[in-house]
Amino acid sequence: MKKILVTSALLTMLGAIAPAAFAQADHGAHHGSASAPAEAEAKLAEGTVKKIDKSAGKLTIAHGPLVTLGMPAMTMVFRAADAAMLDQVKVGDKIRFAAESVGGALTVTALEAVP
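The rules we used
- Residue indices begin from 1 for each chain and proceed along its sequence in written order.
- Residues qualify for local features only when their pLDDT is at least 70, as the model is predicted, and side-chain atom pairs are given and counted only at 80 or more; totals for whole chains, interfaces and linings, by contrast, use all residues.
- Just so you know, side-chain values use all the structure's heavy atoms and leave hydrogens and water out.
- Helical segments are the DSSP runs of H or I of at least four residues, strand segments are the runs of E of at least two, and each set is numbered from the N terminus.
- Categorising residues by exposure relies on relative accessible area from a 1.4 Å probe, with only protein chains included: less than 20% of the type maximum marks a residue as buried, more than 50% marks it as exposed, and the intermediate range marks it as partly exposed.
- Throughout, a contact is declared for two residues whenever any of their heavy atoms are within 4.5 Å.
- Computed with a 1.4 Å probe, the accessible areas rest on the Shrake-Rupley method; for each residue, only the protein chains presented here act as cover.
- Two strands form a pair only when DSSP identifies at least two bridges running between them.
- Between N-to-C directions, angles span 0 to 180 degrees; the directions come from axes that are lines fitted to C-alpha atoms, helices contributing only their stretch in contact.
- N or O atoms within 3.5 Å of each other form a polar contact, as long as, within protein, one can give a hydrogen and the other can take it, and as long as residues adjacent in sequence are counted only when both atoms are side-chain atoms.

Asker: Help me understand the overall build of the chain, please; the structure alone is not making it clear to me.
Answerer: Within the chain, the regular secondary structure consists of two helices and five strands. The secondary structure elements of the chain, listed N-terminal to C-terminal, are α-α-β-β-β-β-β. Here the chain holds 115 residues, and the buried ones make up 23% of them. The long-range share in the chain, meaning contacts at least 24 apart out of those at least 6 apart in sequence, stands at 47%. Carbon and sulfur atoms form 63% of the exposed surface of the chain, whose accessible area is close to 7,800 Å².

Structure, rendered in structure tokens:
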């Protein structure tokens, strides 16, 4: 009988403590962490603008590996998430960019020219 009471008391204590511990461990995931900017930097790939097609809203980019998409270095066409991105660069510019699959189309979601 004593074993059952002790075990029951321990389970009750763990039941009260465990949610708080999990909430604390998960806290950083909801509010970002010191490594969030570093993670965002790691998602940016480097490339060179080869062609801009404003009427189609597309960029042709010769790029290094796209880690987030599991792609090796190559030259390919991307849709621009925002048409204004096409005005930020010109053919020959070195860029850093983020690409995602949006509705099945490879799309540049962030773009910056490299000085």
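Now that the structure has been shown, we can carry on.
Asker: Explain the sheet that holds strand S1 (residues 45-53) here, please?
Answerer: The strands that make up a sheet pair up through hydrogen bonds in the backbone, lying either parallel or antiparallel. Around the barrel, five strands lie side by side as S1-S2-S3-S5-S4; this closed barrel has mixed pairing. Sheet twist, expressed as the mean angle between neighbouring strand axes with direction ignored, is 55°. Of the strand pairs in this sheet, S1 and strand S4 (residues 94-102) are connected by four bridges, and their pairing is antiparallel. Counted as the bridge partner of glycine 47 is isoleucine 95 from S4.

Asker: Help me out: how do you make sense of the pairing of strand S5 (residues 105-113) in this one?
Answerer: On a regular strand, each side chain points to the face opposite its neighbour's, so the side chains alternate between the two faces of the sheet. Examined bridge by bridge, strand S3 (residues 74-80) and S5 share two bridges and lie parallel to one another. Within the sheet, the bridge partner assigned to alanine 80 lies in S5 and is valine 108. Between the antiparallel neighbours S4 and S5 lie two residues, among them glycine 103 with a positive phi of about 60°.

Asker: I'm lost on the side chain of threonine 107 in this one. Help?
Answerer: Structurally, threonine 107 is set in strand S5. Of note is the side chain of threonine 107, whose polar atom sits 3.0 Å from the backbone oxygen of alanine 105. What threonine 107 contacts, discounting residues up to four positions off in sequence, is Phe78, Arg79, Ala80, Ala81, Ala98, Ala99, Glu100 and Val102.

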